[in-house]
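Inside the fold
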Amino acid sequence: MTRPVVPTDPREEAGRGRVALWLDPEDLRWLAEHCRCPEDAPQEERDRCLRLRFRARAALHKSGLID
């Protein structure tokens, strides 16, 4: 069962410097589960990867495609 997707406020997101990105659910699943950071990657790079994976998983969860 999927829940309706409630979009965010575009003006608020733009105010945060964010842009809309619509991806296929399978691409989001892949993004949510993969990190290609090398072992010696700087912490900043690891943090960015973590944020992207978190947001991909949150988008899937919000749309009801995962628990």
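Computed from a prediction, not measured in an experiment: that's the story for all the values here. (Residues numbered from 1 in each chain as written. Predicted model: local features only at pLDDT ≥ 70, side-chain atom pairs only at ≥ 80, totals over all residues. Heavy atoms only, no water.)

Brief notes about the overall build of the protein
Within the protein, the regular secondary structure consists of three helices and zero strands. Along the protein, helices (α) and strands (β) appear in the sequence α-α-α when read from the amino end. Its C-alpha atoms give the protein a radius of gyration of 14 Å, clearly above 11 Å, the size a compact globule of 67 residues would have. For the protein, the C-alpha atoms occupy an extent of roughly 40 × 30 × 15 Å along the three principal directions. Partitioning the intrachain contacts of the protein with sequence separation of at least 6 by distance along the chain shows that 55% fall at a separation of at least 24. Placing the 13 positive and 13 negative side-chain charges of the protein at their respective mean positions leaves the two points 4 Å apart. (Helix = DSSP H or I, 4+ residues; strand = E, 2+ residues; numbered from the N terminus. Rg over C-alpha atoms; globule rule 2.2 N^0.38 Å. Contact = heavy atoms within 4.5 Å. Lys, Arg positive; Asp, Glu negative; His and termini not counted. Charge placed at Lys NZ, Arg CZ, Asp CG, Glu CD.)

What about the side chain of serine 63?
By the secondary structure assignment, serine 63 is in the segment after helix 3 (43-62). Residue class for serine 63 comes out buried when judged on its relative accessible area of 13%. In terms of polar contacts, serine 63 uses its side chain to reach the backbone carbonyl oxygen of leucine 60, at 3.0 Å. (Buried < 20%, exposed > 50% of the residue type's maximum accessible area, 1.4 Å probe, protein only. Polar contact = N/O pair within 3.5 Å; in protein donor to acceptor, adjacent residues only side chain to side chain.)

Points about the confidence of the model for the protein
Residues at a pLDDT of 70 or more form 91% of the protein, whose mean pLDDT is 87. Confidence scores differ between elements of the protein, with helix 1 (residues 10-15) showing the lowest mean pLDDT of 87 and helix 2 (residues 25-33) the highest of 93. (pLDDT = per-residue confidence, 0-100.)

Some remarks on the state of the cysteines
Summed over the entire model, instances satisfying the criterion amount to zero disulfides. No disulfide involves cysteine 37; its sulfur sits 3.4 Å from that of cysteine 35, the nearest cysteine. Judged by its relative accessible area of 18%, cysteine 37 falls in the buried class. (Disulfide = S-S within 2.5 Å.)

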